[in-house]
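Structure at a glance
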Amino acid sequence: MEKISKGTWVEIEQVILTPEQRASTLPEDTKKTPYMMRISGFLTMDANMGDEVEVKSIIGRSHIGKLITVNPSYSHSFGKTVPELLTIGTEAEHDR
Amino acid sequence: MTAKDMSYAAVIARKNEIMKASMGIDYSDFVQSPIAFDYERMMRETGYSMDDIIQIQSEVKVGNTPLFELRNLTEAVRRISPKGKGALILVKDEAANASGSFKARRAALSAYEAKKKGFKGMVAATSGNYGVAVASQAVQRGLKAIIVQEVYDSRWVGQPEIIEKSRACEAYGAEVIKLTVGPELFYMQLRTLEETGFFNASLYTPFGIRGIETLGFEVAQQVRARYGKDPDAVCITHAGGGNLTGTARGLLVAGCKDTKIVACSVDLSGLHMASDHDFNRKSFTTGHTGFGVPFASWPDRVDVPRNAARSLRYMDEYHLVSQGEVFYMTELLTKLEGLERGPAGNTSLTAAVTLARQMDQDQIIVVQETEYTGAGKHHNSQLSFARENGIEVRRGDPKENIPGKTIVLPEHLDQVWGKAQDIDKLRRSYLTNASHVLPVDKWTESDIEFLAADIKKDAAWVKANLPE
């Protein structure tokens, strides 16, 4: 596997609190899960995917975590067309 | 240097010292009893006049937003109303602020204050537009910003609206800490404040609320200039209470004493706010009852010792609307008025339709915000995401909406009714919460006066409605 170079923009993941360490007032389903964080930054050393690494965030703060993504991106969208929306407003048009 | 204990309990226990260092406000100055505090003095001692705030906001592309007549919608409402009914509906296009929402007003004053006090950056814990506003304001004042966000469920699936907020915060150069579901968001906020020594740009500081006063003030001035009278009602989307509190205070500063203040939230009753399972079954991330009801009935449940957002102090009516009704109105705003705006900001628009139908044609109702829309935030994104998460989406009678199960888009404007909440019940619930802080038999006359002012009633009403 090719090493990921120092300076690459990556995303890391860290367990903030294990289920046992979490707040006491959680609903049952949430209680079973660890409290997790993801954050993006520039790698401070060459590393492999899955390694424990350090990154410097965009404002220069240091964070430690497991390397999970190279060049993290956004792909959220407008979703699949919801046909039920299409006719709204055009119906009001007919009422005039 | 010994390492500090970073366990959940230890960090929460350091709350007061962290808060004091990160805000430069000593709340103990204002506290009068476990319940009462000098609210007006706390607001006054921010040290800013209305003119100061207007000036500060104008430096950073905030405020003076347009107020539009929604003529086609008003006409459509008149067609379904009794003769002579159908108030003129106006909307304040808050999407025109830098960062695309009214939240810029709150962030602008916090950023100015942070800079003035010599902080190097700001921290805010929010998944909403406020994070984007803090990021946008910080960059203009040469400050760093860290936004602590609840983004994902345990499958790493994020609500598209929140993903968009993450993106926007990063676009403005903020560090975004993306977390899974849980109230430990507050723990992370404290940890981050402690690590950085940054300013706590909480939504609930006096700065966060005073910044919104310009919104109410502008509404008063714009309506008066154009129509020669005060607005009859102002509809305000209600979650944590800041939007309502700040707007109502601004209207009062302008002298609009008879303007009715109407709160409106999306009804999400039955969904648990801290549930991993329910997290992605909400099609609204704010403006809903999961915040609106608890924050109205006890404001001091926030990340600051005393909340400057106190909605019952100013609220005259409280309407609930369904998710389907708001999505319907969002589409109608686009199609009838040529204005494509985000759905959450249209919560109060939905209540305005109901109110307008019952008001006379010569009356004026103001919807005091819009917000930007786009990928993730758009109502089509929300409905498409809901469908992918097993939620039924259909046209029909919005009364059949079941939060987390079914979203019913009305078939006709005539079906947009929402439902009015019993505000006295909320007031009594507030008094019950106060009795948990201090037992009723320990309430002094001045406590009772504070409580009365805090729910817009008099001392006699409080005494007649004492909790069991």
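This text gives an overview of the structure that appears in the document. (Residues numbered from 1 in each chain as written. Chains lettered and ligands numbered in written order. Predicted model: local features only at pLDDT ≥ 70, side-chain atom pairs only at ≥ 80, totals over all residues. Heavy atoms only, no water.)

**Observations regarding the packing of aromatic side chains**
Operational definition: Working definition: rings of Phe, Tyr and Trp (its six-membered ring) pair if their centres are within 6.5 Å, and the pair is stacked with planes under 30 degrees apart, edge-to-face with planes over 60 apart, and tilted otherwise. Helix and strand definitions here come from DSSP, where helices need a minimum of 4 consecutive H or I residues and strands a minimum of 2 consecutive E residues; each element is numbered from the N-terminal end. Only protein chains enter the accessibility calculation, which uses a 1.4 Å probe; a residue whose area is less than 20% of its type maximum is buried, one above 50% is exposed, and one in between is partly exposed. Ring-over charges, as used throughout, are those where CZ of Arg or NZ of Lys falls within 6 Å of the ring centre and within 35 degrees of the ring normal.
This structure, assessed with the given rule, holds 13 aromatic pairs over all chains. Measuring from centroid to centroid gives 5.9 Å for Tyr48 of chain B and Tyr112 of chain B, while their planes differ by 70°, and the two rings are edge-to-face. With Tyr48 of chain B in the loop between α3 (39–44) and α4 (50–59) and Tyr112 of chain B in helix α6 (residues 103–116), the pair connects residues that are 64 residues apart, well separated along the chain. Both rings, one in Tyr152 of chain B and one in Trp156 of chain B, keep their centres 5.1 Å apart while their planes meet at 70°; by these two values the pair is edge-to-face. Given the relative accessible area of 9%, Tyr152 of chain B is considered buried. Chaining the aromatic ring pairs together yields one cluster made of Tyr48, Tyr112, Phe119, Phe199 and Phe207 of chain B. Its guanidinium or amino end placed over the ring of Tyr152 of chain B, Arg38 of chain A lies 5.7 Å from that ring's centre, counting from NZ or CZ. The cationic tip of Arg38 of chain A hangs over the ring face of Trp156 of chain B; the distance from NZ or CZ to the ring centre is 3.5 Å.

**So, empty space enclosed by the protein**
We count it as follows: Grid points spaced at 1 Å over the protein atoms alone were grouped into cavities, where a 1.4 Å probe fits but cannot get out, and pockets, open sets with protein on both sides within 12 Å along at least five of seven lines, with lining residues defined by an atom within 4 Å of a point. Grid points are joined across faces, edges and corners, and a volume is the space filled by probe spheres set on the points.
By the definition in use, this model includes 1 cavity of 30 Å³ or more. In this model, the largest cavity occupies a volume close to 40 Å³. If you go around the largest cavity, the residues you meet are Trp9, Ile39, Ser40, Ser57 and Ile58 of chain A together with Glu170, Ala174, Glu175 and Val176 of chain B. Elements represented by at least two residues in the lining of the largest cavity include exactly β2 (35–43) of chain A together with β5 (175–180) of chain B.

**A closer look at unusual backbone geometry**
Phi is positive for Asn71 of chain A, close to 50°, though the residue is something other than glycine. Considering the arrangement of structural elements, one finds Asn71 of chain A in the loop between β4 (62–70) and α2 (83–86). The backbone phi angle of Lys61 of chain B is positive, close to 65°, even though this residue is not glycine. Among the secondary structure elements, Lys61 of chain B is positioned in the loop between α4 and β1 (67–69).

**A word on the nonpolar core**
Residue and element names in this part refer to chain B. Heads up, the rule is: Buried residues of nine kinds, namely Ala, Val, Leu, Ile, Met, Phe, Trp, Tyr and Cys, make up a nonpolar core once their side-chain atoms join them within 4.5 Å. Any pair of residues with heavy atoms lying within 4.5 Å of one another is described as a contacting pair.
Counting 120 residues, the largest nonpolar core has Met122, Val134, Leu179, Met188 and Trp443 as the members making the most contacts within it. Apart from the residues lying within four places of it in its own chain, the contact partners of Met122 are Ser110, Ala111, Ala114, Val134, Ala138, Leu143, Lys144, Ala145, Ile146, Phe198, Phe199 and Ala201. In terms of nonpolar packing, the next biggest core, distinct from the first, is built from 45 residues, Phe284, Val326, Leu332 and Leu349 among them.

**Concerning a nonpolar patch on the surface**
Our working definition: The residues that make up patches have over 30% relative accessible area and no salt bridge, and they are joined within 9 Å when like-charged or within 5 Å when they are Val, Leu, Ile, Met, Phe, Trp or Tyr. Under the convention used here, a 1.4 Å probe and the Shrake-Rupley method define accessible areas, while residue burial counts only the protein chains that appear. Should a side-chain nitrogen of Lys or Arg be within 4 Å of a carboxyl oxygen of Asp or Glu, the pair is scored as a salt bridge.
Together, Met1, Met49 and Val70 of chain A give the surface a local cluster of nonpolar side chains, amounting to about 320 Å² of exposed area. Among the secondary structure elements, Val70 of chain A is positioned in strand β4.

**A short note on the interface of chain B and chain A**
Note the cut-off: Buried area: the accessible surface (1.4 Å probe) lost by two parts on joining, summed over both. Within 3.5 Å is the distance limit for a polar contact, defined as a pair of N or O atoms, with the added protein rule that one can donate a hydrogen and the other accept it, and that residues adjacent in sequence qualify only through two side-chain atoms. If DSSP finds at least two bridges between two strands, the strands pair.
Listed per partner, the contact involves 63 residues of chain B and 45 residues of chain A. Buried area between chain B and chain A, both sides added, is near 4,300 Å², and the carbon and sulfur share of it is 57%. For the chain B face of the interface with chain A, the top three residues by lost area are Trp156, Glu175 and Glu184 of chain B, together amounting to 14%. If you look at where chain B meets chain A, you find 4 salt bridges. Between Arg22 of chain A and Glu184 of chain B there is a salt bridge, and its shortest N-O distance comes to 2.8 Å. Here chain B is connected to chain A by 31 residue pairs in polar contact (both at pLDDT 80 or more). Elements that contribute at least two residues to the side of chain B that touches chain A include exactly α5 (71–79), β4 (144–152), α8 (160–171), β5, α9 (185–196), α14 (323–337), α16 (379–388) and β11 (392–396) of chain B. Where β2 of chain A lies against β5 of chain B, 2 bridges are found, and the strand directions are antiparallel. Within the sheet, the bridge partner assigned to Arg38 of chain A lies in β5 of chain B and is Lys178 of chain B.

Coordinates in, geometry out; function isn't part of it.
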